[in-house]
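Each chain, letter by letter, is given below.
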Amino acid sequence: MTNTDIYARQSFGQSTGLGDRPALLVIDFVNGFNDPDILGGGNIDAAVKATVPLLAHARARGVPVIFTRIVYAQDGSDAGLWCEKVPRLRELTETAAASQVVDELAPRAGELIIRKTQASAFFDTTLAAQLAYRGIDSLIMAGCTTSGCVRASAIDAMSNNIRSVVVSDCVGDRALEPHAANLFDIGQKYADLMSAGQVMSII
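Rules and cut-offs
- Residues numbered from 1 in each chain as written.
- Predicted model: local features only at pLDDT ≥ 70, side-chain atom pairs only at ≥ 80, totals over all residues.
- Heavy atoms only, no water.
- Helix = DSSP H or I, 4+ residues; strand = E, 2+ residues; numbered from the N terminus.
- Contact = heavy atoms within 4.5 Å.
- Buried < 20%, exposed > 50% of the residue type's maximum accessible area, 1.4 Å probe, protein only.
- Phe/Tyr/Trp six-rings, centres within 6.5 Å; stacked < 30°, edge-to-face > 60°.
- Salt bridge = Lys/Arg side-chain N within 4 Å of Asp/Glu carboxyl O.
- Disulfide = S-S within 2.5 Å.

### Overview of the environment of Ala191
Part 1: Residue placement: Ala191 occurs in the loop between helix 6 (176-189) and strand 6 (192-194).
Part 2: Here the alpha-carbon distance between Ala191 and Ile140, two residues 51 residues apart in the chain, equals 9.6 Å.
Part 3: The contacts of Ala191, once residues within four sequence positions are left out, are Ala154, Ser164, Val166 and Ile186.

Here you go:
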């Protein structure tokens, strides 16, 4: 028996698919996470580039697009325990260049931007309420990092009974080992995995 056989034997990894009105959720593809000298590295830049055609396709098809950014107060007054673990997160303030969405994926007028101070796009944000208001029943997730904010958001989507697909070539991490391990685990427990090409063929 291989290491992965036990998952199949226990019926993990079932497909949940997308609903009738999905949205593209672009998680934390900001300058700081695309810069190896700040909070980036690994395959994050490649994931950004792979997301460019996916974003263009979603916009052309009228699929709603939502972005997230980690944003802390300039004076650090809302920084918490996560910033003790990763102090450079404090640099991601509203006006800091590091906190802005990368130019290749820049939000357009009318596209929702969720600001957050924790890993999950859902935790202490208006995301769930906005999805309900807009009639969005499922999420297509791109972004970084696979082991951090993408994983946390996929788990919370599942916790909120929101179907999700993580786009395997449009998510990245600063190290490839946690990227691969977490992508596998997400696919077994929390979300479907698809390539950008597969997603574009169904939306």
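Right, picking up where we left off after that structure.
### A word on unusual backbone geometry
Part 1: Across the junction of Cys144 and Thr145, the peptide omega takes the value -5 degrees, indicating a cis bond.
Part 2: Even without a glycine there, the phi angle at Ser11 is positive, about 70 degrees.
Part 3: Note that Ser11 resides in the loop between helix 1 (5-9) and strand 1 (22-27).
Part 4: A relative accessible area of 48% places Ser11 in the partly exposed class.
Part 5: Its identity as a non-glycine residue notwithstanding, Asp28 has a phi of 60 degrees, on the positive side.
Part 6: Tracing the sequence through the fold places Asp28 in the loop between strand 1 and helix 2 (44-60).

### Topic: the packing of aromatic side chains
Part 1: Scanning the entire structure with this criterion turns up two aromatic pairs.
Part 2: Both rings, one in Tyr7 and one in Phe184, keep their centres 5.0 Å apart while their planes meet at 90 degrees; by these two values the pair is edge-to-face. On the criterion of sequence distance, the pair formed by Tyr7 in helix 1 and Phe184 in helix 6 is long-range, its members being 177 residues apart.
Part 3: Looking at Tyr7, the relative accessible area reads 22%, which means it is partly exposed.
Part 4: Every member of this aromatic cluster is reached through a ring pair, and the members are Tyr7, Phe12 and Phe184.

### Some remarks on the pattern of salt bridges
Part 1: The tally for this structure, following the rule as stated, stands at eight salt bridges.
Part 2: Residue Lys116 pairs with Asp28 through a salt bridge whose shortest N-O separation is 2.8 Å. Here Asp28 lies in the loop between strand 1 and helix 2 and Lys116 lies in strand 3 (residues 112-116), a separation of 88 residues in the sequence. For the pair Lys116 and Asp28, a shared accessibility class is recorded, and that class is buried.
Part 3: Across the salt bridge formed by Asp185 and Lys189, the nearest N and O atoms sit 3.2 Å from each other. Placement of the pair is Asp185 and Lys189 together in helix 6, with a separation of four residues, close to one helical turn.
Part 4: Owing to a relative accessible area of 35%, Lys189 belongs among the partly exposed residues under this scheme.
Part 5: Here the salt bridges do not stand alone but share partners, grouping Arg69, Glu94 and Arg115 into one network.

### Notes on the state of the cysteines
Cysteine pairs can be linked by a disulfide, which is a covalent bond between their two sulfur atoms.
Part 1: Using the criterion set out here, one finds zero disulfides in the structure.
Part 2: Left unpaired, Cys83 is separated from the closest cysteine sulfur, that of Cys149, by 12 Å.
Part 3: Taking the relative accessible area as the measure of exposure, Cys83 reaches 2% and is therefore buried.
Part 4: The cysteine Cys149 is free of any disulfide, with Cys144 supplying the nearest cysteine sulfur at 7.3 Å.
Part 5: Cys149 sits in the buried class, given a relative accessible area of 5%.

Geometric descriptors of this kind do not, in isolation, establish any biological role.
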